[in-house]
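# Analysis of the macromolecular model
Listed below are the residues making up each chain.
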Amino acid sequence: MTYQECLDYLYQQLPMFHRIGNAAFKKSLDNIIALCEALGQPQHQFKTVHVAGTNGKGSSSHMLAAVLQESGYKTGLYTSPHLKSFTERVRVNGQEVPEGYVADFVEQHKSLFESIQPSFFEMTVALAFKYFADEQVDIAVIEVGLGGRLDSTNIIMPEVSLITNIGYDHQALLGDTISAIATEKAGIIKKDIPAVISTRQLEAQEVFEAKAEEAGAPLYFAQDLFRVELTEASNERQVFQVYREEKSFLPGLELDLGGLYQKYNLPGVLQTLVLLHEKGYNITHTSLRKGLANTKAITGLKGRWQVISRNPLTICDTGHNEDGIKQIVKQLEALKPKHVHMVFGVVNDKDVTSILKLLPPQYTYYFCQANIPRALPVGDLQEKALNEGLSGQTFSSVPDAVKAAKANAAPDEVIFIGGSTFVVAEIEEL
């Protein structure tokens, strides 16, 4: 099979959450356990860090991988979904898994897939674990796909578990209260393994404390241990004063990620690295600084408050739930823009009305739909937006909407592209 034939086979044969949504989510770990047994338990052949959370888990995973790589460790990184290419999901030292490896893996294990009938995500997790084992990585950072307790990644025994934050997303699968969602995320807390929580949230806190006590897992609320103060910011970098237990710890810490929301992720990342250091990992202040200052270059992270062009200033961000959109609007307003042109599309399983209520009515909107079955039809989106006092034209594709925004925006105005990861994925310049 060629790589393209192999991808076509996967997309056609295996239910894929990114395309069809909830129907692709398997509420059981049976398939991934069976796959990994057949592959020789690759997930136990290397060390791991496990990262869950509603927002921030992708950025946190990339930051951790960058620092571990800078510290001299051969580092695996598993994230999802991909933006441009399937191979983005699986990296070793920042390099994507070779297309040839993916094609060989699928060809070799077709009969296994046909007997187990895994989802696309289950197959990808198995591939990642096998690749990291074959590459003999020292450590891999594994991002949860959805939830935690029943996520296919939840068969590892990590060095540390990190949960970034809890917000409303995927309520149909995870529950519609903060404590119900936290219970699913808390499923990655394991017996005797330290767990870090990036942000303290009252409803979630009680869930984490109960789960950690039951598992005998040391629990750390990173916000209580680290205080970060923003001292400089541009759209592409930020500088923080970092205090640990109120003593200066990392003055002038630079981050090459421009999203102001990264200040919520940073304490969790730092506490996770402190725990790894205590376990014997050689992480110095120098490697920590270099990793965080160059995360994008080291790991290939894209789509997080990313500047696409400057004239007019064009920014994209994959934030797609209430908390994510709230942070995006806050940062757009902080730019004090003369006017904002927003290219916006969503998927059909989000609480679209709650998201639309957060968007400023004075912006000019370019409603569009990504090229996936899960996309909310653009006519429906426009109708819901009008009910919330937002007006704009509709476009049948993301590139058409971007083109129209560019044609209308003056050089001193701002274009923002987002609403869904899959809208960002179709930006041609990304």
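Use the structure listed above.
For clarity, every value in this text was computed on a predicted model and none was experimentally measured. (Residues numbered from 1 in each chain as written. Predicted model: local features only at pLDDT ≥ 70, side-chain atom pairs only at ≥ 80, totals over all residues. Heavy atoms only, no water.)

### Considering the environment of Asp192
Structurally, the position occupied by Asp192 is in the loop between α9 (178-185) and β7 (195-197). A sequence separation of 196 residues divides Asp192 from Glu388, and the C-alpha atoms of the two residues are 49 Å apart. When neighbours within four sequence positions are excluded, Asp192 is seen to be in contact with Ala215, Gly216, Ala217 and Pro218. (Helix = DSSP H or I, 4+ residues; strand = E, 2+ residues; numbered from the N terminus. Contact = heavy atoms within 4.5 Å.)

### Here we look at the pairing of strand β10 (residues 238-244)
Most of β10 is tucked away: five of the seven residues are buried. One ladder, built from seven bridges, connects strand β9 (residues 226-233) with β10; its direction is antiparallel. Within β10, the position partnered with Val228 by the bridge is Val242. Count of turn residues in the β9/β10 antiparallel hairpin: four residues. As judged from the six bridges shared by β10 and strand β11 (residues 247-255), these two strands associate in the antiparallel manner. Within β11, the position partnered with Tyr243 by the bridge is Ser248. Hairpin geometry of β10 and β11 is characterised by an intervening segment of two residues between the two adjacent antiparallel strands and by a positive phi of about 50° at Glu245. (Buried < 20%, exposed > 50% of the residue type's maximum accessible area, 1.4 Å probe, protein only. Pairing = 2+ DSSP bridges.)

### Focus: the pattern of salt bridges
Within this structure, the stated rule accounts for 17 salt bridges. For the salt bridge of Glu96 with Arg91, the shortest nitrogen-to-oxygen distance reads 3.7 Å. The buried category is assigned to Arg91, whose relative accessible area is 6%. The salt bridge involving Lys338 is made with Asp412; its shortest N-O contact spans 3.3 Å. You can see Lys338 sitting in the loop between α15 (322-334) and β14 (340-344) and its partner Asp412 sitting in the loop between α18 (398-408) and β17 (414-418), a full 74 residues away along the chain. We classify Lys338 as exposed; its relative accessible area is 57%. Salt bridges here are not isolated pairs; linked through shared partners, they connect Arg227, Glu229 and Glu246. (Salt bridge = Lys/Arg side-chain N within 4 Å of Asp/Glu carboxyl O.)

### Quick word on the pairing of strand β13 (residues 313-317)
Among the five residues of β13, five are classified as buried, and the element is accordingly described as predominantly covered. Side chains Leu313, Ile315 and Asp317 of β13 all project onto a buried face; the interleaved residues Thr314 and Cys316 project onto the opposite face, where all are buried too. Sheet topology note: the strand β12 (residues 306-310)/β13 ladder contains four bridges and is antiparallel. Along β13, the bridge assignment pairs Val307 with Ile315. As consecutive antiparallel partners, β12 and β13 are separated by two residues. In this structure, β13 lies alongside β17, joined through five bridges in parallel fashion. Bridge assignment links Thr314 to a residue of β17, and that residue is Ile415.

By themselves these figures say nothing about function.
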